[in-house]
Amino acid sequence: VIGGTTWNTGKYGKTNCSGNRIDQNGKLLELNNICEISINDGFKMWSKLYRSKSNIDAGVGNFIILDGTGPYKKLKGKQCIYAVSFYDELVFTKFKCDISEVLFEELKFKN
């Protein structure tokens, strides 16, 4: 699944995810995806997204950053949250990670 994402740092990117989803009677029960995220600053990140029965209806889930290039390498192993919304076949996610102010400033969009 290809989609778009925004970060609380002011950056955005393109996600390319694949993995497993478990449906029952047309309703999503569980989701496990590996995603490659191309960020508009030229760097990339890889993550594992997952949603379980407890947060499916809310449209939120968790993800773990598996690796990254450039400054995103510093996020390896970090657990974060995401919210998802859909428009036709397009998937839009919003990512948020609880990180130090110093790292946030390093990753923040700069004009």
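Below or above, wherever it landed, is the structure these notes cover.

A look at the nonpolar core
Judged by nonpolar contacts, the single largest core of 21 residues is most densely connected at Trp7, Ile37, Met45, Phe63, Ile65, Leu75 and Tyr82. Counting only elements with at least two residues in this core, the list comes to β3 (27-39), β4 (44-51), β5 (60-68), β6 (79-87), β7 (90-96) and α1 (101-107). Considering every element that reaches this core, the biggest residue donor is β3, with five residues. Excluding residues that lie within four positions of it along the chain, Trp7 makes contacts with Ile37, Met45, Phe63, Phe95 and Cys97.

Some thoughts on the packing of aromatic side chains
By the definition in use, this model includes six aromatic pairs. Both rings, one in Trp7 and one in Phe63, keep their centres 6.3 Å apart while their planes meet at 80 degrees; by these two values the pair is edge-to-face. One end of the pair, Trp7, is in strand β1 (residues 2-7); the other, Phe63, is in strand β5, and 56 residues separate them in sequence. Of the two residues, Trp7 and Phe63, neither departs from the other in class, the shared state being buried. Among the aromatic residues, those joined into a cluster by ring pairs are Trp7, Phe63, Tyr82 and Phe95.

Looking at the side chain of Thr5
Following the sequence through the fold, Thr5 ends up in strand β1. At 3.1 Å, the side chain of Thr5 forms a polar contact with the side chain of Thr93. Excluding residues that lie within four positions of it along the chain, Thr5 makes contacts with Lys11, Tyr12, Gly13, Thr15, Ile37, Thr93, Lys94 and Phe95.

What to know about the state of the cysteines
Tallied over the entire structure, the rule returns two disulfides. Here Cys17 engages in a disulfide with Cys35; their sulfurs sit 1.9 Å apart. Between Cys17 and Cys35, the S-S dihedral sits near 110 degrees, and the bridge is therefore right-handed. With Cys17 in strand β2 (residues 12-24) and Cys35 in strand β3, this pair connects stretches of sequence that are 18 residues apart. Neither residue differs from the other here; Cys17 and Cys35 are each classed as buried. When the cysteines engaged in disulfides are numbered in sequence order, the protein chain pairs them as 1-2, 3-4.

A short note on the environment of Leu28
Counting through the fold element by element, Leu28 comes out in strand β3. What makes Leu28 buried here is its relative accessible area of 14%.

Observations regarding the pairing of β4
On any regular strand, side chains alternate: one points to one face of the sheet, the next to the other face. With burial as the criterion, only one face of β4 is covered, namely that bearing Met45, Ser47, Leu49 and Arg51; the residues Lys44, Trp46, Lys48 and Tyr50 on the opposite face remain uncovered. As paired strands, β3 and β4 are joined by eight bridges and run antiparallel to one another. Paired with Ile34 across the bridge in β4 is Lys48. Here β4 runs beside β5; their pairing, made up of six bridges, is antiparallel.

Calculation rules
Residues numbered from 1 in each chain as written. Predicted model: local features only at pLDDT ≥ 70, side-chain atom pairs only at ≥ 80, totals over all residues. Heavy atoms only, no water. Core = buried A, V, L, I, M, F, W, Y, C linked by side-chain atoms within 4.5 Å. Buried < 20%, exposed > 50% of the residue type's maximum accessible area, 1.4 Å probe, protein only. Helix = DSSP H or I, 4+ residues; strand = E, 2+ residues; numbered from the N terminus. Contact = heavy atoms within 4.5 Å. Phe/Tyr/Trp six-rings, centres within 6.5 Å; stacked < 30°, edge-to-face > 60°. Polar contact = N/O pair within 3.5 Å; in protein donor to acceptor, adjacent residues only side chain to side chain. Disulfide = S-S within 2.5 Å. Pairing = 2+ DSSP bridges.

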